[in-house]
Every structure is written in structure tokens, then in C-alpha cells.
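Okay, here's what each chain looks like letter by letter:
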Amino acid sequence: MRVVLFQPDIPQNTGTILRLCACLSVEAHIVEPAGFPVSDRHFRRSGMDYLDQVSIVRHVSWSSFEAWRAGSGSRLVLFSTKAAKPYLDHIYRDDDLLLFGRESAGVPDDVVNAADERLIIPIAPGMRSLNVAMTVAMALGEALRQTRGMAR
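Residues numbered from 1 in each chain as written. Predicted model: local features only at pLDDT ≥ 70, side-chain atom pairs only at ≥ 80, totals over all residues. Heavy atoms only, no water.

### Quick notes on the environment of Lys82
And step 1. Structurally, the position occupied by Lys82 is in the loop between strand S4 (76-79) and strand S5 (85-86).
And step 2. Taking the C-alpha atoms as reference, Lys82 lies 9.7 Å from Gly106; in sequence the two are 24 residues apart. (Helix = DSSP H or I, 4+ residues; strand = E, 2+ residues; numbered from the N terminus.)

Below, the structure is given as C-alpha cells:
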């Protein structure tokens, strides 16, 4: 299981997600460009000392990520407010790549079209979206529950 962040633009969210990945022994991938430098103090503060404990793979662009993914054989599972299939109705695989878009703009159409699966976390009518760090926690928790149970 891997978490993939597409061009993240809020350093606090990214730091929090990387801390989650460290605690659950899940590899994190960042598709550049990110909207902040990795030296950003907000990023460092939210990731705390966990950033040294997480495996982070950086991809310089979407095309470089796609080239890497082609060799991995992994399924790309996109979480989107525009998807129709609820994330709890999905059957996850241990090698899935869980993809989350930019906080400000989601992902472009070519990324949507590249996804093997598109899932939504249903929320109350009239609400716009969940915080991306919360979405990652919910999605990753369910994916790990199905594939290997929570980190031991």
C-alpha cells in the first residue's frame, strides 16, 4: 500500500500525512511540483521528527510518476469529491496506490482518466470536502483494514 500526493500545496497537511505514513509503515510518494519547499517550517512542525521515519519517493512530474507506475504494476486508486463509488464499497489490494489531489484544485482530467478506480468518501449534503489529511487517514485505514489489518 502506498499513499500518493499529487502536487500538494498546504505544508501542514503534507506533514501530517507523512507522519501518518511513518506511523503505519506506508510508503509515501509526492508528485511535484509541491506548493512549498520541504524546508517550510509548517511542513517540518506538522511532520515533527516522524519525517526521518517515513519512506518518501519524489517524482519530478506526473509523467515521471506514470513511467514509474507502469513498471510497478500497481493499481491507481483516486479519491475525489467528483467520484461516484463510495470508498467503503471498494475492495483494496495490498499494492494499491492511493492517490489524493491538491487541496486547492484536486487533479486535472488526464490524472482522473489515468486512475484505475475513482472513489469518494461520502459527506453530508451541502458540504464541500473533507481536509485531505483526514481523507487520507480514513482511506488508508480502510485499505489497511482490508489488506493487512492496522499496523502492528
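### Notes on unusual backbone geometry
Note: most residues except glycine have negative phi, and most peptide bonds are trans.
And step 1. Of note, the bond from Glu32 into Pro33 is cis; its omega dihedral lies within 30 degrees of zero at 0°.
And step 2. One can find Pro33 in the loop between strand S2 (27-31) and helix H2 (41-47).
And step 3. Positive phi, normally seen in glycine, also occurs at Gln7, with a value near 45°.
And step 4. Along the chain, Gln7 falls in the loop between strand S1 (2-6) and helix H1 (11-23).
And step 5. Backbone geometry at Ser25 places phi at a positive 55°, although glycine is not the residue there.

### Comments concerning the side chain of Asp9
And step 1. Considering the arrangement of structural elements, one finds Asp9 in the loop between S1 and H1.
And step 2. Judged by its relative accessible area of 15%, Asp9 is buried.
And step 3. One polar contact links Asp9 to Ser104, side chain to side chain, over a distance of 2.4 Å.
And step 4. Setting aside residues no more than four positions away along its own chain, Asp9 makes contact with Gly35, Phe36, Arg102, Glu103 and Ser104. (Buried < 20%, exposed > 50% of the residue type's maximum accessible area, 1.4 Å probe, protein only. Polar contact = N/O pair within 3.5 Å; in protein donor to acceptor, adjacent residues only side chain to side chain. Contact = heavy atoms within 4.5 Å.)

### Here we look at the nonpolar core
And step 1. Judged by nonpolar contacts, the single largest core of 28 residues is most densely connected at Val3, Ile17, Phe79, Leu98, Phe100 and Leu140.
And step 2. For this core, the secondary-structure elements that each account for two or more residues are S1, H1, S2, S4, strand S6 (97-100) and helix H5 (132-147).
And step 3. Of the residues forming this core, the biggest block, seven residues, is contributed by H5.
And step 4. Excluding residues that lie within four positions of it along the chain, Val3 makes contacts with Ile17, Cys21, Val26, Glu27, Ala28, His29, Leu98, Phe100, Val136 and Leu140.
And step 5. With 13 residues, the next largest nonpolar core counts Leu76, Leu78, Leu97 and Val111 among its residues. (Core = buried A, V, L, I, M, F, W, Y, C linked by side-chain atoms within 4.5 Å.)

These values are about where atoms sit, not about what they do.
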